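The primary structure of each chain is shown beneath.
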Amino acid sequence: MHNVHAICDDTYWIGASDRRLALFENTYHIPQGMAYNSYVILDEKTCLLDGVDDVVASQFSENLDYMLGDRTLDYMVINHMEPDHCAEIPWLVKKFPNIKLVGTAKTFDFIRQFHNFDPEPYALKVTEGDTLELGKHILQFVTAPMVHWPEVMVTFDLATGTLFSADAFGEFGALGGNLFADEVNWERDWLDQSRSYYANIVGKYGMQVNNLLKKAAALPINRICPLHGHIWRKDLDVIRSKYAQWASFEPEEKSVVIYYGTIYGGTGQAADILAGLLAQQGVRDVRVYNTATADLATMVSEAFRASHLVFASSTQNMEIFDAMRTLVLDLRAHAMQKRHVALIENGSWAPQSGKLMREQFEAMKNITIMEPSICIRSRLDDETLQQITVLAEAIVTSLGEE
Ligand code: FEO
């Protein structure tokens, strides 16, 4: 049975949500599921804009069949050739042998690699500014390399002012029937999903996202249709301003996140005492994460939100402790920048984690490492407790200065 939704003139959502898959891209926990958006424009020519992941291929095919009726599919615009949007390409070219696949040159390399057939007979290669006339609807293509893969483009429908934005402006989370961001309490319920999707999926590519935002600013956009999450048709500046901050690595909030990796509790206690001291000095909404149990994607996303980040880690095998090491390396892999960072290490006989974490943060751009850096031997003592107090005061002062 079909489950489709009208978006605007001749334009329909034919995607689907999944609430069974535990891991998106086999790495990101998605307890709230995932939405895979796909769109179709029915004009003199019919045009599919991106497909879906194979986990929802069955619903997608029912939706597409319903929308086409007895018409054929003339075009599939492939804004992004990642398998979560392209699982159905081999099926589509068999079903519609005259279909034209529309993408950048790199798109067709990826089709060959992922689907093991020659796409050339179906290929309509486009580049920056090219247009495709469907009848009343004229599609203009805007390249967006590395948002999130090198082949990516976005498509602008000149007739309706709709930007089909690929991964840009996407969210984690299955949709609850309300497709539009103005139909939900987006800031309360979805901003975190949007930030987490941005940070984890495209966070490293801030410069490329900024390039896309500049190009998009020149287009008369009425609505934004991403490949995951809600569609924007009102208050577009809400999401555009968030993207401008995230892409520039500007903290969204003056606030503190404390991450700790603890073996027997000494480092965790220091983190909690620091959090309490900050709270007692008026710092609101301090958040503390145990890296061993907290979700990595959430912790990375939190680093994109907050201005001041504290990393407190035990030493294990002369290394940063376990999941904390993963977190710090992940932040470096995401090219994290423009943060105040405080470091607390612990080691009962050979503390090393502070030095190792410092090396990682010194390799990132525009990171201010705060003083004092603290070295705990097993548990806090009078001296290190005093240093924690001094660090809390330094953070409070710094928050006031920003
Ligand atoms: Fe939703 Fe980069 O794929």
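Residues numbered from 1 in each chain as written. Predicted model: local features only at pLDDT ≥ 70, side-chain atom pairs only at ≥ 80, totals over all residues. Heavy atoms only, no water.

Draft legend 1. Main features of the overall build of the protein. Scanning the protein from N- to C-terminus turns up 13 helices and 23 strands. Taking 21 Å as the expected radius of gyration for a compact globule of 402 residues, we find that the protein reaches 24 Å, a close match to that expectation. Oriented by its inertia axes, the alpha-carbon framework of the protein measures out at about 80 × 40 × 35 Å. Classification of the 402 residues of the protein by burial places 56% in the buried group. (Helix = DSSP H or I, 4+ residues; strand = E, 2+ residues; numbered from the N terminus. Rg over C-alpha atoms; globule rule 2.2 N^0.38 Å. Buried < 20%, exposed > 50% of the residue type's maximum accessible area, 1.4 Å probe, protein only.)

Draft legend 2. Structural detail: the packing of aromatic side chains. Following the criterion strictly, the structure yields 19 aromatic pairs and no others. Where Trp186 meets Trp232, the ring centres are 4.8 Å apart and the plane angle is 75°; that geometry is what we call edge-to-face. Here Trp186, found in helix H5 (residues 186-189), pairs with Trp232, found in the loop between strand E16 (223-225) and helix H8 (236-247); they are 46 residues apart in sequence, far enough to count as distant. One exposure class covers both Trp186 and Trp232, and it is buried. Between Tyr198 and Phe304, the ring centres sit 6.1 Å apart and the planes meet at 75°, which makes this aromatic pair edge-to-face. One end of the pair, Tyr198, is in helix H6 (residues 191-202); the other, Phe304, is in helix H10 (residues 296-305), and 106 residues separate them in sequence. Through pairs of rings, three or more aromatic residues link up here, namely Phe169, Tyr198, Tyr243, Trp246, Phe249 and Phe304. (Phe/Tyr/Trp six-rings, centres within 6.5 Å; stacked < 30°, edge-to-face > 60°.)

Draft legend 3. Layout of the pairing of strand E8 (residues 46-49). Neither face of E8 is left uncovered, since the one carrying Thr46 and Leu48 and the one carrying Cys47 and Leu49 both have all their residues buried. As paired elements, strand E7 (residues 39-42) and E8 share four bridges and run antiparallel to each other. The residue bridging Tyr39 from the neighbouring strand is Leu49, located in E8. As consecutive antiparallel partners, E7 and E8 are separated by three residues. Strand direction decides the pairing type here: E8 and strand E9 (residues 75-77), joined by three bridges, are parallel. Bridge pairing in E9 links Cys47 to Tyr75. (Pairing = 2+ DSSP bridges.)

Draft legend 4. The arrangement of the pairing of E7 in detail. The alternating pattern of E7 places Tyr39 and Ile41 and Val40 and Leu42 on opposite faces, both of which are buried. Summarising the sheet, strand E2 (residues 11-13) and E7 pair through three bridges and their orientation is antiparallel. Residue pairing in the sheet places Trp13 in a bridge with Tyr39 of E7.

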